[in-house]
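Fold and contact review
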Amino acid sequence: MKTIDVDEELYRYIAGHTQHIGESASVILRRMLNLGPQAPDVSSAPVSSAADGSDNKTPAAASRPVKNAPQDPVRAVRELLLSDSYAEKKKTIDRFMLVLSALYSIDPLSFQKSTDELHGRTRVYFAGDEHTLLASGKTSKPRHIPGTPFWVITNTNTQRKQSMIEQIMQGMGFPVNTVEKVCNTL
């Protein structure tokens, strides 16, 4: 891989064409330029000898699948904030739901742990089903968080939604400046 520097406007343009969280700039550009998926670099791939001891060598990558590298959580959040799908959301609730979905996809276990500790004086904010949220308050307006097994109450004001996101992201170990950026976009 090579590294290139691009200006902020170009970076936003590329990031705006992200189709899913964690997608690399290289994948986005290949799709935009109709280049197709990147071919594996056979010249630098490790090789293994044939079982019979002959010199017949094959790339090791051909014999086993390659796992995706873990995504950088901060980068994934930044890409979300710069994406067209996020920019298209005009309502706070829609951005709130998109952020929650993205945070879960980044680290489901940390997300769950953070939401388990998050509740109000009398109301439960997150649950695995709608009925649990309705039992803690009839006007909670629970909604399912897309791509997760969780439900969240949605009849809170913007400040409470920001506070919920802040607490979840802090629990997941995000830097303070990233947490502030996300909260300020709701």
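Residues numbered from 1 in each chain as written. Predicted model: local features only at pLDDT ≥ 70, side-chain atom pairs only at ≥ 80, totals over all residues. Heavy atoms only, no water.

Filter applied, for reference: UniProt positions are given in the numbering used here, feature names are shortened, and annotations may be inferred rather than shown by experiment.
Looking at an unreviewed UniProt entry, one finds the chain named Negative modulator of initiation of replication and attributed to Morganella psychrotolerans. Under the Subunit (unreviewed entry) heading, UniProt states for the chain: "Homodimer. Polymerizes to form helical filaments."

1. Concerning the overall build of the chain
Keep this limit in mind: Note on conventions: DSSP H or I runs of at least 4 residues are helices, E runs of at least 2 residues are strands, and numbering of each starts at the N terminus. Type-normalised accessible area, obtained with a 1.4 Å probe on protein chains alone, sets the label of each residue: buried when under 20%, exposed when over 50%, and partly exposed for intermediate values. It only takes one pair of heavy atoms within 4.5 Å for two residues to be counted as in contact. Calculation of accessible area relied on Shrake-Rupley with a 1.4 Å probe; when residues are assessed, cover is drawn exclusively from the protein chains displayed.
Tallying secondary structure elements over the chain gives nine helices and five strands in all. Sequence-ordered secondary structure for the chain, helices as α and strands as β, is α-α-β-β-α-α-α-α-β-α-β-β-α-α. The 186 residues of the chain split such that 33% are buried. Residue pairs in contact within the chain that sit at least 24 positions apart in sequence constitute 52% of those at least 6 positions apart. Surface summary for the chain: the accessible area is close to 12,200 Å², and the carbon and sulfur share equals 52%.

2. Description of the sheet that holds strand β4 (residues 142–144)
Put simply, the test is: For two strands to count as paired, DSSP must find a minimum of two bridges between them.
What the three strands build is an open sheet, ordered β3-β5-β4; its pairing is antiparallel. The open sheet terminates on both sides in strands that have one partner only, identified here as β3 (126–127) and β4. Pairing geometry for β4 and strand β5 (residues 151–153), over three bridges, is antiparallel. Bridge pairing links R143 to V152 in β5.

3. Regarding the side chain of T156
By the element assignment, T156 lies in the loop between β5 and α8 (158–171). In contact with T156, other than residues within four places in its own chain, are R123, K161 and M164.

4. Details of the packing of helix α3 (residues 73–82) against helix α5 (residues 92–106)
As a reminder of what qualifies: The convention used is that axes are lines fitted to C-alpha atoms, helices contributing only their stretch in contact, and that angles between N-to-C directions extend from 0 to 180 degrees. Oblique is the label for any angle not under 35 degrees, not over 145, and not in the 65 to 115 range, which are roughly parallel, roughly antiparallel and roughly perpendicular in turn. What makes a crossing left-handed is the near helix being turned counterclockwise from the far one by less than a right angle; a clockwise turn instead makes it right-handed. Residue classes follow a fixed rule: Ala, Val, Leu, Ile, Met, Phe, Trp, Tyr, Cys and Pro count as nonpolar, while Asp, Glu, Lys and Arg count as charged, and any other residue, Gly among them, counts as polar.
With their axes 10 Å apart at the nearest point, α3 and α5 run at an angle of 155° to one another. With respect to their mutual orientation, α3 and α5 come out roughly antiparallel. Along this stretch, α3 crosses α5, giving a crossing that reads as right-handed. Contacts from P73, A76, V77 and L80 in α3 reach L98, V99, A102, L103 and I106 in α5. Per-class residue counts for the contact of α3 with α5 are nine nonpolar, no polar and no charged.

5. Points about the pattern of salt bridges
As a reminder of what qualifies: One speaks of a salt bridge when a side-chain nitrogen belonging to Lys or Arg is within 4 Å of a carboxyl oxygen belonging to Asp or Glu.
For the coordinates displayed, the defined rule picks out two salt bridges. The salt bridge partner of R75 is E79, with a shortest N-O separation of 3.0 Å. Here R75 and its partner E79 are both found in helix α3, four residues apart, which amounts to about one turn of the helix. Here D94 and R143 are joined by a salt bridge, their closest N and O atoms 3.9 Å apart.

6. Here's the deal with a nonpolar patch on the surface
To keep things clear, this is the line we draw: Excluding any residue in a salt bridge, patches collect residues exceeding 30% relative accessible area, merging like charges within 9 Å and nonpolar Val, Leu, Ile, Met, Phe, Trp and Tyr side chains within 5 Å.
Side chains of I4, V6, L10 and Y13 sit close together on the surface and give an oily, nonpolar patch of about 390 Å² of accessible area. Turning to its location among the elements, V6 is positioned in the segment before α1 (8–15).

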